[in-house]
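Here is how the chains run, residue by residue.
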Amino acid sequence: MKISILGGGSEVGASCLHIEIGGTNLLIDAGMRMQGDDLLPALGMLDGLDVPECILVTHAHADHIGALPIVHSLFSTVPVYTTPPTADLMKIMMKDAYKILAGRAQLTNSLPPYSEEQVNALLASLLLFPASGVLKVGNVKITSYRAGHILGAVMFLLESDGESLLVTGDLSFKAGRTISGAEVPHTVQPDVVVMESTYGNRIHTDRNTEEKRLADHVVEVIAGGGFALIPAFALGRAQEVLLVLQDYMDKGLIPEFPIFVDGLVTPISGIYKSYPHYLKGPVAHRVRKNGDAFLTEGRCKAVHPREREAVLQGKPGCIVASSGMLTGGASSWYAERLVSGEKNAIFITGYQDEESPGKKLLDLANGVEQTLELNGTSHQVKCRIGKYGLSAHADANEMNRFIQTLQPSHTLLVHGDDEARSRLGELIDPRFEPTLVENGESYSFEKRTSGKSVKGKRYRVNDDAIQLRDKIGSLLFYSSEDEHVLKLAMCTGVHPKTNTLICQTLKGKPVRLQANQVVETIGRWDGPIDELTEATNEVFSFSRPFIKQIAWSKLPKEIVSLNRIYEILGVANIKDKLAIALAIQSFPATHHIKHADGVKYYKMDAQMERELEQLTLPIQAIKMNSATALESVRNGLAEHPRFMRCGVNNIGTPDEQLMIYFDFPDVLMDPERKLLIKRFRDETGWEIAFSDSIRQDLLQNRLVKQLGASIGTPSIHLHDRVVSVSLAKPENAEEMSIQFKETTGFTLQFIDAASTSPLNPNNQNVFKVASAEGRMENNQALEETRKWAAERNITIYKAGIKQEVMEVHFISPEIAIQHEMELEELSWRIGMPVAYAKNPKQNEIIRVAIESFPPSWQPKKNPSIHMDRKTLAVKLEQMPRDEELQKVSQKIEGETGYVLEVNK
Ligand SMILES: [Zn+2]
Ligand SMILES: [Zn+2]
């Protein structure tokens, strides 16, 4: 096989390859440079090469098709194959390019590089690549694969007589908004890969962040009364920008504003919309439903050149116009008129050639105010300038991963400047022989004599390093040192000196991992990153539903690797894969076996099977996070008449549980409790418990409702679940009691007002529980006491345990007595007797009193306390009004239990 680089080797521009494989010759692409004196690839090289049997076109960008009219006229009988959208896009792109070239030629009094007739001849002779994606030319089988990048872009796999070559064309793996990312032909292992390297020295910033930044900034400019101009490549980028802005509007994330589309963007968007089956699902759906997804009525309008002035006279809006580098066309027309206005903005979204006005504008953004030359005129730059990464090319990590997947014997790096290609060359495993090719050179490869791959023959790397290198391109579970949770990262390389793994989290954050931090290797992921991120978030936030539906019983009771488990269970879905990997990490240490070759094995036995089935292992994310779980219970019980609230107990401990509170928990019978426990355990993964705490305040409310307001103070005997009211038995007492019991679980007793209360007959102010109740441990009891006070809104000053009795300090015993009922409840909750402190907090009482005095009182000195009489005495200059005095006295008595005495 021989690959000759006519152009597009050490540059982005004029891509053109001549290939000889299995005795068949063909050309892939013939592009043009945008700048410089020499616009064409080195077509002279063709003299020394055999005549091609066909010409293949990867996609319709000018750097891949610009020279085709000339090449076609050289070989007018040779078929030119493109995908259907590429053929349609070429018609627009070629005619526009000719117009520009002819215009330039006129200015310099020269001839354009090709004629209009040559363009028409080419366009008329295009053949469509078969829909099957496979074409046979001479001895070569040609298969096309989707390359992402732009509509219709493909890569080509050429196979002939035991030799194979993959030419990527321009690549993008991350799905944009318009089209899906590149397909990875994992089943093939080509001998040679010719790969683009535009961004071989870059790691893209997060796409969502960039989109949001762009949308927000456009809104800011328009809100400030200016126009936001987005110069965009007519083919690809402009469609992305249009969808970003309109998606944000549809989701209500940004307000509606007018979008104007100008230049080549308009007809190209028209081609995009006519190929809905090449577009991503949601876009295709919108096209089928509304007829368009790019130019939409009432929002996004195509502008004719004669309407441009009117647009700039009208309401502020966003203008999306080609060309992308402000080298001419609509975008530079608008830029000339907007660049000197402080309210306006020019937002750059793509690659800028070194000499382009777009690049100069970005350079200005960092410096002081300067001038910019547009269409031969100098302009003061005063507008806002921004740059946004919405690249349609793969980044270094993605390309490295791609090569790691394909494992070619040779990798030729093209379509990138020297910096980009050499950085990428350093990143790629030397086993895959990355080579930086030169324009004008040919590269020959011998056919392999044996069917074996050449890998390992040429390079003797130590075993550890090979094991590590095998992880490149794989998803890894790793444990970070400080947290005891597993995380997921994608391995993109191995540091050659330190043997650490260079990885990236799904958010694109770089992480370096020691080999021993890697807990398991999940395998490769070749689909879109968005999809992986979504799957991972789902499984890592709540793994239970996935683990639950796995047929663990199918696994043999033997020692198995993760891959073997996948195989036996027949799982292909990434969510299931992640869930299985998470689940088996929870096996006890004795069930983890590490093999000498770095592969991990797991001992499956009857016990593990049972624990997996019953979900009793400490599997990561087997529970929802507490907030989501609480939300889920709250929603589930929203209609339950007894449900009050739910909370989490002992959070972060092995005993953590979700506690559900009902107003009268006794009413809930065992079958219902069991049902709720099962339901919410399944739904949230949490242990479920029910609080026995009874809402006494509601008990009283209920009594008032049933018996009327005149019930006096009922006696509530929590432990016996009895409520006594001092009231003669009404006629319907029986019925009332039944109803009361049904809703509260308490027995209602009517006691003649004359008889004595059964509560605490010889109590000495100690509230006791029966000995059968479980006594809480001291600290827990103190904690519970504080909780009880907070729940009941009771102010206590101190709580302490004295000789097995919980002593609670109120401001005074008089206030404590008012809380008898609650104190009894507390005793029941903590399982120990409760008493209140018998000494008043004198200073507090005085403080409360002083704070309650109106400013006009001006006491001669602080009030004095008389504990025997339970009074507070204060001397004032003047006696206050009765009404005022009464109000203040009431407040003080209510808070302290002490009566205020005022003297002159
Ligand atoms: Zn391209
Ligand atoms: Zn290109």
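Within an unreviewed UniProt entry, the label attached to the chain reads Ribonuclease, and the organism entered is Filibacter tadaridae.

So, on to the side chain of Arg33. Tracing the backbone through its elements, the reader meets Arg33 in the loop between strand 3 (24-30) and strand 4 (54-56). Residue Arg33 is classed as buried on the basis of its relative accessible area of 18%. Looking at Arg33, its side chain comes within polar contact range of the main-chain oxygen of Asp38, at 3.0 Å. What Arg33 contacts, discounting residues up to four positions off in sequence, is Glu11, Gly13, Ala14, Asp38, Leu39, Leu40, Pro41 and Asn439.

Turning next to helix 17 (residues 562-569). Leu562, Ile565, Tyr566 and Leu569 are the residues of helix 17 that are buried. Buried residues of helix 17 fall within an arc of 100° about the axis and therefore sit on the same side. In this structure, helix 17 carries Asn563 and Glu567 as exposed residues pointing more than 90 degrees from its buried face. Contacts from the buried residues of helix 17 go to strand 27 (518-524), strand 28 (559-561), helix 18 (574-585) and strand 30 (600-603). Immediately beyond the C-terminal end of helix 17, within one or two residues, lies Gly570, with a positive phi of roughly 65°.

With that settled, consider the confidence of the model for the chain. Model confidence for the chain is summarised by a mean pLDDT of 87, while 94% of its residues fall at 70 or above. The low-confidence segment residues 451-461 (pLDDT under 50) makes 12 contacts with residues lying over four places distant or belonging to another chain.

On to the layout of surface pockets, then. Of the pockets and cavities examined, the second largest pocket occupies roughly 1000 Å³. Every element with two or more residues in the lining of the second largest pocket is listed here: helix 5 (207-223), helix 6 (237-250), helix 8 (281-290), helix 12 (396-406), strand 24 (486-494), strand 25 (501-505) and helix 15 (529-541). In terms of residues, the lining of the second largest pocket owes the most to one element, helix 15, which gives five residues. Here the lining of the second largest pocket is composed, by residue class, of 10 nonpolar, 12 polar and 16 charged.

For the zinc ion (ligand 1), the protein coordination sphere consists of His59 (NE2), His61 (ND1), His149 (NE2) and Asp170 (OD), at 2.1 to 2.2 Å. Seen from the zinc ion (ligand 1), its four donor atoms lie at angles of 90 to 165°, and the figure they make is irregular. Read in sequence order, the donor residues coordinating the zinc ion (ligand 1) give the pattern H-x1-H-x87-H-x20-D. Between the zinc ion (ligand 1) and the zinc ion (ligand 2), both coordinated by Asp170, there is a metal-metal distance of 3.3 Å.

So, how was this worked out
Residues numbered from 1 in each chain as written. Chains lettered and ligands numbered in written order. Predicted model: local features only at pLDDT ≥ 70, side-chain atom pairs only at ≥ 80, totals over all residues. Heavy atoms only, no water. Helix = DSSP H or I, 4+ residues; strand = E, 2+ residues; numbered from the N terminus. Buried < 20%, exposed > 50% of the residue type's maximum accessible area, 1.4 Å probe, protein only. Polar contact = N/O pair within 3.5 Å; in protein donor to acceptor, adjacent residues only side chain to side chain. Contact = heavy atoms within 4.5 Å. Arc of directions from axis to C-beta. pLDDT = per-residue confidence, 0-100. 1 Å grid on protein atoms, 1.4 Å probe; cavity = no way out; pocket = protein on both sides within 12 Å on 5 of 7 lines; lining within 4 Å. Points joined across faces, edges and corners; volume = space filled by probe spheres on them. Nonpolar A, V, L, I, M, F, W, Y, C, P; charged D, E, K, R; others polar. Donors = N, O, S within 2.8 Å, 3.2 Å for Na, K, Ca; no water. Tetrahedral: all angles 85-135°; square planar, octahedral: opposite > 155°, others 65-115°.

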